[in-house]
Amino acid sequence: MRHYHDLPLWVRLPLYAFVALALAMMVLPLAAALPISLNVDPWFVYPFREFSLRWFEALLSPRWTGAIVNSVLIAVATTLLATGLGTLAAIGLANPRFPFRNLVMVLGLAPLIVPVVVLALGLYIFFGQLSLNYTFIGVVIAHTLLASPFVVITVTATLTRFDFTLMRAAASLGAGRVFAFRTVMLPVIAPGVGAGAILAFAASFDEVVMMLFISGPQQQTVPKLMYLGMRENINPTIIAAAVVTIAFTSVLMAATYRLNRGK
Amino acid sequence: MSYGDVSRDITPARSRDLRVSGAIRKKAVGGAAKAALPAAPLLLFLLLFLVVPLLTILHSSVSDEQIAATLPETTAALQSWDGTGVPAAAVYGTLAGELRAADEAGTLRRLGRRVQYELEGGLGILLNASRALPEEALPGDAQAIRELMVGADPAWGKPGVWRILQRYDTPYSSFYLRWALGLPTVLDADGAVSDGPGYDFPTIYLRTVLISLAVTVLTVLIGYPVAYVIATSAGRTGAILLFLILLPFWTSLLVRVMSLIVVLQTNGVVNQLLTGMGLLGDPLSFLYTRPATIFAMTQIQLSFTVLPMLSVMRTIPADQLRGARSLGAGPIRAHATIFLPQAVPGIAAGSLLTFVMCLGFYITPELVGSPSDQMVGSFIAQFTSEDLNWGLAAALSVVLCAGAAILTLPLARRVRRHA
Amino acid sequence: MSWTRLFDSGKLFGVSCLAALACAQPALSRDLTVVSYGGVTNETFEKVWLGPFTEETGISAVMDTWSGDLAKVRAMVESGNIVWDVMDATAEPIEIGCEQGLFEKVGDDPLFTEAGLIKGGLTECGIGSMTYATILAYKNGIFPEGPTAVTDIFDTETYPGKRGLRKSPVDALELALIADGVAVDDVYATLSTPEGVDRAFAKLDTIKDDIIWWEASAQPPQLLMSGQVVMSTSYNARAALAISNDNADLTMVWANNVTAIGFFGIPKGTENLEEAKKFIAFTLLPQVNAAFSDYQPYGPTVTAAGAFVKPDVLPNLPAGHIDEDSLVFDGGFWATQGDALIARFSSWVAQ
Amino acid sequence: MIGAPKEVHVSLSGVLKTYDGQHYVVRDLDLEVYKGEFLTLLGPSGSGKTTTLMMLAGFEHPTDGAILLDGRPVHNIPPEKRNFGVVFQSYALFPHMTVAENVGYSLRVRGTAKDETARRVAGTLEAMRLSDFAQRYPTALSGGQQQRVALARALVFEPDLVLMDEPLGALDKRLREELQLEIRSIAERFGLTVIYVTHDQEEALTMSDRIAVFNNGYIQQIGPAEEIYSRPVNRFVAGFVGDNNGLDATVTSVEGDLAQARLRGGAEVVARTTSHTRAGAPATISIRPELIVPLKEARPGALSGTVSNVVYTGDQLRIYATLPGGDEVVVKRPTSATDVPTEIGAPVHLYWDPTSAWALDGQ
């Protein structure tokens, strides 16, 4: 598979250099910015007068810990809802007899394509009539809307590799639909479902536009505080929060990688 | 071993004439319903929280009941006015009564704002009229009221404001959509189209499209070699490269924008490096410029462009390139004639995705761009939460979505056909 | 396989529904929620007002952040789902919201009329929370001789470089007129005429390309320290705190400052109306009112509080800098003319 | 089995199947399966044999008609309630379960006690010579082993009926032949009623008590293996089961159960009549290659032709002869045969016993 080895050196070297540069563009700004969280002064500039952990300590304030708890609660509820809805939908869509399958698939992916700000406006107006603005349920619904396509995509992809004969085999052995689903299909597609769930979690955990429109004071989350911080209270606490978030998402990413590797 | 069975000979000639009965069709429909059952919860969810809100937006963009709701009798009375000069004195009386009622109900100012969208100084004109009316009972003489109002604001003696009130005897209008499309909507007191200052939405749409296009082109130019190298790297190298391209995809957009601000600001890392190495005398202002906006968006979108390219490139067999080489094509030529054409669906899918996503960007330009780099998304947010002008926000959304669909649907269809 | 177990339990929906229900239950008695512009200001609020208030009355109170946009208030009031009880803001949102019926009309409540508020500190819906001034701050060491007045922000010849200005017509238009030669006393009269407005915008046009707009009060020190701007308008306390607490190498310029009063407003229809009034009245107790300036050099709004202000913060308070050059902000003007000017400004700035 | 009472175990009557309401995959199917019988459904792909099996298993519903088990209708019973063992072409082993868990799955579903399950699983694995693999995962097994696991899994719950859908299709030729015999012997040992689907006619002939030949959704012929081979009822069966020569002809006269027919080249041949045979009607004269004797000398009743090609396949010679009418006939002789003309272009005379040729339906 390594066909780039077929390329001569004078093509390969500049190619590598270019790709290295492009990847550096992706990663280096992060690497350059994160140490700012150790600056004792609230300015985003090098060099530092002194190192300090005060911005990490600031994360322990009720404002931030409350936001972290909210973020996790909202993300967990979103993940459960999106994973449940998305997995079932993907299973339905895997059936070739599904009516208007392409149309439904487009609908399922639409939350990815329609600009979030438009969705947020629509939900904001709609939720206003339902009194769902500034509620936990409203936020979870909004996040589930954004997160469900990730589950539909990953589970659908996993199902294309799933051998549906296994379900027939289970039935022939006496298993009812639900039992067969639990004991055969779900364990086999679990890596895909798990990856979808992690993506859904990450999508919710990072989401800010919806939050700006429909969340209230009881639903402050880490990204919302970071956004507000970038506009209203600019100091390296945001970067300290970023460090924590990155550490957290790296763990998630490693988990996905493992799930995808198999078993 | 014999069952002594006489072989039966069945030929098509023996078969009945078969027709499909309604019962059979019904069974097929039942099967489809059963297939759809697991997807029903999500469908229901999307119907309620995706389709309905989008329809709500559509409704909001044409819903325009402020004037008719606040001044029902005035608008009705104005239907018989021929639009020249000013209406009969009686209409002034009707209006005065309704203005008074609006003032008491607290809706006067909102009405004023709505009129002001379409009439220069409209809010002041209405407030002036309302203030000029006596505290106690209105004079029974409509002519006196008319004089009071014209005295308070000369605009009441001109046709502009009346023409606007006349238009809105229905709860729906195309006003917000026309506004969002940049068509002339504002009148002056004389009823002529005003050339006063206002939002230049066509320019903002054009800006949105141009920035999105620039980002798309950049992500393709940068992403293609990256995707190629990842697609052709086996094992650990490939995994690490993929990890790197996915890393920013995993870190919050805010974190990445934040890091770009730190790096790009005047006393930031890039300037410090450049001036430190003597490449720059004075630090440059990268931040809060259009290039900074495009750079930040490119950085954010690169992963989205690369991934579809990657998945297509991985399906192109290596033997084809080797075959081309064995037939005498050089490495570049082989790549351009064999690999590139097959990668086109991936490039198209990736760039389409990035382009569509860029059209809706809002947070990033707001944080790293200047006010003149703001895209439609920012204005939707601004009109929603700062200007309380939901009709315009909805109309801008409708135009944005319709525009995106018109720009990308034909392309999307082609991509699908090739994929 | 933990995934299997997760689904095996068959409680997928049960769990999520329960979690959702548990957390969505509207708190039966919602905490009093006080809203200000965030950051240090919120921290100071908690320290000097919310904490002591809870201690005094046993009513628990929490802080939230807003950026002065009325849409949320309007949405809350119209839907009846009100989660904010006391809004601290600059004059114009409170005044505009008041005219739209978004705030409780409590200006004639004896709780406030008899609190001894300074002149202009009580309006139909607004109760003075603090006084503040818009000043100019610049980074030392850039110019041989720094700017001497806030209006020097328009002098790009003597002081070249990017400058920070709040992304709002408030202050900007007034300063533009003063810089253009309008006497301080005539500013609002001039701004009331279309020609005056055109003149202000024309003046702003001359420096438009050099402006980096800030929206939040924490931004100016940050913009100055990161080198984005060489000078910036700023609220006086933010600049003073950056210098005193955060080691910022800045100088404050008071000449031509704009002094204004910030207001509390109460969203109309809140279930916590009584608590909200109680809280505001509490902040008007002279000693409590003065305590704010211990942490942030914003001035008190009740006359009697002057006696409790620490002497060392006095020079940083706006009251000490009101003279013939300084402009006293006119909230009433912005309440009547603000809509049109804000609309024109937003479209102007976006071009 | 000879003389055993023929007890009908499963029967299909008037079964129809259409997916789209326009095209029939199975039509007019009447079929009876006897207890303890090994019945093979043989046919090309798309002939309806797999659909028939899936209707028996319950994965497809007949559009019309009835399926009876021991006289009771089962077509409305879902697959998991039918108690039929199914072996799939792809094995369909559960990849996340060990061999033992796979085999024990049906017992787990039925709530069988743990020790009872373990005992029966062990017993079945033992019988299938799989005991050593009990704790392995299916992916760690060879194709043949996986197939045996699939069989063990389908047998452990003592099903009323075993359905096999081309279970050996994915295996190489040698392993396939080995497993054919093994399956056959297991079926006999357990006294199973097996319905077996294949498109491989050799496999069908090797394993079956009876064969049902499918084409176009119809059963073309059903009967014991040797009868299908030696007495095909129509052109399709003759051509699909074993090598066959089919010569276009026109029936000139019918006399008793023998018919006289004229080939395209004008030569006259005699063949046994079938239900298709009518004087003056077109017919296909069918004769197996191994039943033709190639002679160097002419003799009455023999057709004359010329050798067009000779192919050596190890154990036999295939001689291709062209008749005057242009028809090509293939003849199989043992390699040891010496009386055979083998030079290309040499004249050859083809003789067969008239009772071994059949006048089948014509073009």
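In this numbering scheme, every chain counts its residues from 1 along its sequence in written order. Think of it this way: whatever chain is written first is A, whatever ligand is written first is 1, and the rest follow in order. The predicted nature of this model means local features are confined to residues of pLDDT at least 70 and side-chain atom pairs, given and counted, to a pLDDT of 80 or more, with totals for whole chains, interfaces and linings taken over all residues. Note that the side-chain values use all heavy atoms of the structure and ignore hydrogens as well as water.

**Student:** In this structure, what is going on with the overall build of chain B? I would like to understand it.
**Tutor:** Runs of H or I in DSSP of at least four residues are treated as helices and runs of E of at least two as strands, each being numbered from the N terminus. The number of helices and strands found in chain B is 20 helices and one strand. Taken over C-alpha atoms, the radius of gyration comes to 33 Å for chain B, far larger than the 22 Å a tight globule of 419 residues would show. In terms of principal-axis extent, the alpha carbons of chain B reach across some 115 × 90 × 35 Å. Note on contacts: a residue pair qualifies if any of its non-hydrogen atoms lie within 4.5 Å across the two residues. Taking contacts inside chain B between residues at least 6 apart in sequence as the whole, the part at least 24 apart equals 73%. For chain B, the exposed surface amounts to about 17,900 Å²; the carbon and sulfur share of it is 64%. Neither His nor the chain ends contribute to the count of charged residues, in which Lys and Arg are positive and Asp and Glu negative. Note that the charge is assigned to NZ on lysines, CZ on arginines, CG on aspartates and CD on glutamates. Distance between charge centroids for chain B: 23 Å, based on 31 positive and 28 negative side chains. The atom set for the radius of gyration is the C-alpha atoms, and the globule formula is 2.2 Å times the number of residues raised to the power 0.38. For the accessible areas, the method is Shrake-Rupley and the probe is 1.4 Å, while residue cover comes only from the protein chains on display.

**Student:** Looking at this model, I keep getting lost on the state of the cysteines. Mind explaining?
**Tutor:** Here a disulfide denotes a covalent bond joining the sulfur atom of one cysteine to the sulfur atom of another. All names here are of chain B. A pair of sulfur atoms, both from cysteines and within 2.5 Å, is called a disulfide here. Summed over all chains, the structure comprises one disulfide over all chains. Not part of a disulfide, Cys-358 finds its nearest cysteine sulfur in Cys-401, a span of 15 Å. Type-normalised accessible area, obtained with a 1.4 Å probe on protein chains alone, sets the label of each residue: buried when under 20%, exposed when over 50%, and partly exposed for intermediate values. Since its relative accessible area comes to 0%, Cys-358 is described here as buried.

**Student:** Which parts of the structure should I look at to understand helix α2 (residues 40-62) of chain B?
**Tutor:** Two residues of an α-helix separated by three or four positions point the same way, owing to the 3.6 residues in each turn. All names here are of chain B. By this rule the span expected of a helix is its residue count minus one, scaled by 1.5 Å. When the terminal C-alpha atoms of α2 are compared, their 31 Å separation across 23 residues agrees well with the 33 Å that a helix rising 1.5 Å per residue should span. A maximum bend of about 35° is found in α2 at Leu-47. Turning to α2, its buried residues are Leu-42, Phe-45, Leu-46, Phe-49, Leu-50, Pro-53, Thr-56, Ile-57, Ser-60 and Ser-61. The seven residues ending at a residue and the seven starting there each receive a fitted axis; the angle between those axes is the bend at that residue.

**Student:** Is there a simple way to explain the pattern of salt bridges in this structure?
**Tutor:** Close approach of charged atoms lets side chains of opposite charge pair. Here a salt bridge means any side-chain nitrogen of Lys or Arg lying within 4 Å of a carboxyl oxygen belonging to Asp or Glu. The full count for this structure, using the stated rule, is 36 salt bridges over all chains. Note that Asp-41 of chain A and Arg-49 of chain A form a salt bridge whose closest N and O atoms lie 2.8 Å from each other. Notably, a salt bridge pairs Glu-116 of chain D with Arg-119 of chain D, separated by 3.0 Å at the nearest N-O pair. Here Glu-116 of chain D pairs with Arg-119 of chain D, and both are found in helix α3 (residues 114-127), just three residues apart, close to one helical turn. Taking relative accessible area as the criterion, Glu-116 of chain D reaches 26% and is therefore assigned partly exposed. What makes Arg-119 of chain D exposed here is its relative accessible area of 53%.

**Student:** Looking at this structure, how should I read the interface of chain A and chain B?
**Tutor:** It is common to give the size of an interface as the accessible area lost on bringing the parts into contact. Of the residues lining the interface, 82 residues belong to chain A; the matching set on chain B comes to 85 residues. Each partner contributes to the roughly 7,600 Å² buried at the junction of chain A and chain B, and carbon and sulfur atoms together form 82% of this total. At the boundary of chain A with chain B, the tally comes to zero salt bridges. What qualifies as a polar contact is a pair of N or O atoms within 3.5 Å, subject to a donor-acceptor requirement within protein and to the restriction that residues adjacent in sequence count only when both atoms come from side chains. For the pair chain A and chain B, the number of links is five residue pairs in polar contact (both at pLDDT 80 or more). Among the residues making up the side of chain A that touches chain B, the classes are represented as 65 nonpolar, 11 polar and six charged. Put simply, buried area is how much 1.4 Å-probe accessible surface two parts lose in total, over both of them, once they are put together. Polarity classes work like this: nonpolar for Ala, Val, Leu, Ile, Met, Phe, Trp, Tyr, Cys and Pro, charged for Asp, Glu, Lys and Arg, and polar for all others, with Gly in that last group.

**Student:** What am I meant to see in the domain arrangement of chain B here?
**Tutor:** Residue and element names in this part refer to chain B. Residue ranges assigned to each domain were obtained from an automatic or database domain assignment. Its domain assignment divides chain B into domain 1 (3-44), domain 2 (66-180) and domain 3 (201-418). Each of domain 2 and domain 3 has a C-alpha centre, and the two are 50 Å apart. With six residues of domain 2 at the contact, the number on the domain 3 side is 11 residues. The junction of domain 2 with domain 3 conceals about 670 Å² of combined surface from both sides, 66% of it contributed by carbon and sulfur atoms. At the surface where domain 2 touches domain 3, the tally comes to zero salt bridges. Counting across the interface, domain 2 meets domain 3 through one residue pair in polar contact (both at pLDDT 80 or more). Ranked by residues supplied to the side of domain 2 that touches domain 3, first place goes to helix α10 (residues 175-180) with four residues. Residue composition of the side of domain 2 that touches domain 3, by class: five nonpolar, no polar and one charged.

**Student:** Could you clarify how one ought to interpret the side chain of His-321 of chain C in this entry?
**Tutor:** Considering the arrangement of structural elements, one finds His-321 of chain C in the loop between α13 (286-295) and β9 (327-328). With residues near it in sequence (within four places) discarded, His-321 of chain C still touches Trp-254, Asn-257, Pro-315 and Ser-326 of chain C.

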